[in-house]
Amino acid sequence: MPSHPFKIEFVYFDLGNILLTFDAGISCGNVADRFGVTAERVKEAIYTSGLQDDLEHGRIEGEQFAQRVRVSLGLSEEKLPTEELLESISDMFRPIDAMDELVENVRLSGRRVGLLSNTCHAHWNWIGQQNYPIFAKPFDVTVLSYEVGAMKPNPKIYQYAELMCGVDPRHILFIDDREENVVAATEREWNAEQCFGGSGAIEVVNRYLALSM
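Conventions and cut-offs
Residues numbered from 1 in each chain as written. Predicted model: local features only at pLDDT ≥ 70, side-chain atom pairs only at ≥ 80, totals over all residues. Heavy atoms only, no water. Helix = DSSP H or I, 4+ residues; strand = E, 2+ residues; numbered from the N terminus. Rg over C-alpha atoms; globule rule 2.2 N^0.38 Å. Buried < 20%, exposed > 50% of the residue type's maximum accessible area, 1.4 Å probe, protein only. Contact = heavy atoms within 4.5 Å. Areas by Shrake-Rupley, 256 points an atom, 1.4 Å probe, with all protein chains shown as cover. Lys, Arg positive; Asp, Glu negative; His and termini not counted. Charge placed at Lys NZ, Arg CZ, Asp CG, Glu CD. Core = buried A, V, L, I, M, F, W, Y, C linked by side-chain atoms within 4.5 Å. Phe/Tyr/Trp six-rings, centres within 6.5 Å; stacked < 30°, edge-to-face > 60°. Lys NZ or Arg CZ within 6 Å of the ring centre and 35° of its normal. Pairing = 2+ DSSP bridges. Right-handed = clockwise from strand over helix to strand, strands pointing away. Salt bridge = Lys/Arg side-chain N within 4 Å of Asp/Glu carboxyl O.

## Comments concerning the overall build of the protein
- Broken down by element type, the protein carries 11 helices and 7 strands.
- Over its C-alpha trace the protein gives a radius of gyration of 18 Å, about what one expects of a compact globule, namely 17 Å for 213 residues.
- Projected onto its principal axes, the C-alpha positions of the protein cover 60 × 30 × 25 Å.
- In the protein, which comprises 213 residues, the proportion classed as buried is 50%.
- Here the analysis covers contacts within the protein between residues at least 6 apart in sequence; of these, 70% occur between residues at least 24 apart.
- For the protein, the accessible area works out to roughly 10,200 Å², and carbon and sulfur atoms hold 47% of it.
- Here the protein carries 19 positive and 33 negative side-chain charges, and the mean point of each set is 3 Å from the other.

Here it is in structure tokens:
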């Protein structure tokens, strides 16, 4: 049995590199191949410029995002339609083996499960259209940065996640692939660990919940 002093009642999972793999290089390559520009220019227009960050903070909508990309790349709306751009930047996620089983085992143990992710509407909408098994059942709580207006490790998004799950922070387990996000969670007295989806996540969850997989 785990030796942790507080029983885990709720488990928050990060999205990228925990439930699904993702690669911004694939995203840039998709746009480059589809619209006849270089991946380097796409990276500068979307990521280096901070535009993706604005999208994930919810500071801009998809159409505003697309228009700013068009200006940066010197392309017209006809040559760079908004929906095709949003699809291209989002087609970079793939399921991680065993994570659907792990999440289901947490549910079967009597705990509730949540998703706590820095993401944007375009990515979340695309993921929802893929019918990935991990999302066959809804999460009890879904906290997305673009809806909250704050991104991990900003304390605001953790505070919101606490309110949404209604659990004392000391009874929350959170796994994320980034150290700064884990540190911010532990500063709020969450149980939190850095790992990646698959065997790493299974080990962490089993250690805290004493599951058997």
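## Some words on the nonpolar core
- By size, the foremost hydrophobic cluster in this structure holds 33 residues, and its most contacted members are F13, L19, M99, V205 and L209.
- Broken down by secondary-structure element, the contributors of at least two residues to this core are strand 1 (10–13), helix 6 (99–108), strand 4 (112–117), helix 7 (121–128), strand 6 (172–176) and helix 11 (199–209).
- With 6 residues, the top contributor of residues to this core is helix 11.
- Beyond its immediate chain neighbours, meaning those up to four positions away, M99 contacts F13, I18, L19, I134, G197, G198 and A201.
- Membership of the second largest hydrophobic core comes to 22 residues, among which are A45, L51, L55 and L85.

## Focus: the packing of aromatic side chains
- Applying the stated rule across the entire model yields 8 aromatic pairs.
- Centre to centre, the rings of F10 and Y12 are 4.7 Å apart; their planes meet at 55°, and the pair counts as tilted.
- With a centroid separation of 5.4 Å and an interplanar angle of 80°, the aromatic rings of Y158 and W190 are classed as edge-to-face. Within this pair, whereas Y158 is found in helix 9 (residues 155–165), its partner W190 is found in the loop between helix 10 (179–186) and strand 7 (191–194), the two being separated by 32 residues in sequence. Judged on exposure class, the residue Y158 and its partner W190 are both buried.
- Just above the ring of F139 sits the side chain of R107; from NZ or CZ to the centre is 5.5 Å.

## Section: the pairing of strand 7
- Strand direction decides the pairing type here: strand 6 and strand 7, joined by 4 bridges, are parallel. Of the residues in strand 7, the one forming a bridge with I175 is E193.
- Handedness of the crossover is the feature at issue here: the chain leaves strand 6, passes through helix 10, returns alongside strand 7, and the resulting connection is right-handed.

## A word on the environment of R68
- With respect to the helices, strands and loops of the structure, R68 is situated in helix 4 (residues 62–73).
- Classification of R68 as partly exposed rests on a relative accessible area of 39%.
- When the C-alpha positions of R68 and A45 are compared, they lie 8.2 Å apart, and in sequence the two are 23 residues distant.
- If we ignore the near neighbours within four places in the chain, the residues touching R68 are L51, D54 and I60.

## What to know about the pattern of salt bridges
- Overall, the coordinates contain 16 salt bridges when judged by the stated rule.
- Across the pair R34 and E87 runs a salt bridge whose closest N-O atoms are separated by 3.6 Å. Note that R34 is positioned in helix 1 (residues 24–35) and E87 in helix 5 (residues 82–90), a separation of 53 residues in sequence.
- Relative accessible area serves as the criterion here: at 39%, R34 is assigned to the partly exposed category.
- Residue E63 is joined to R70 by a salt bridge in which the shortest nitrogen-to-oxygen separation is 2.8 Å.
- The exposure class of E63 is partly exposed, given its relative accessible area of 42%.
- Within this structure, D53, D54, R59 and R68 form a network of salt bridges that share partners.

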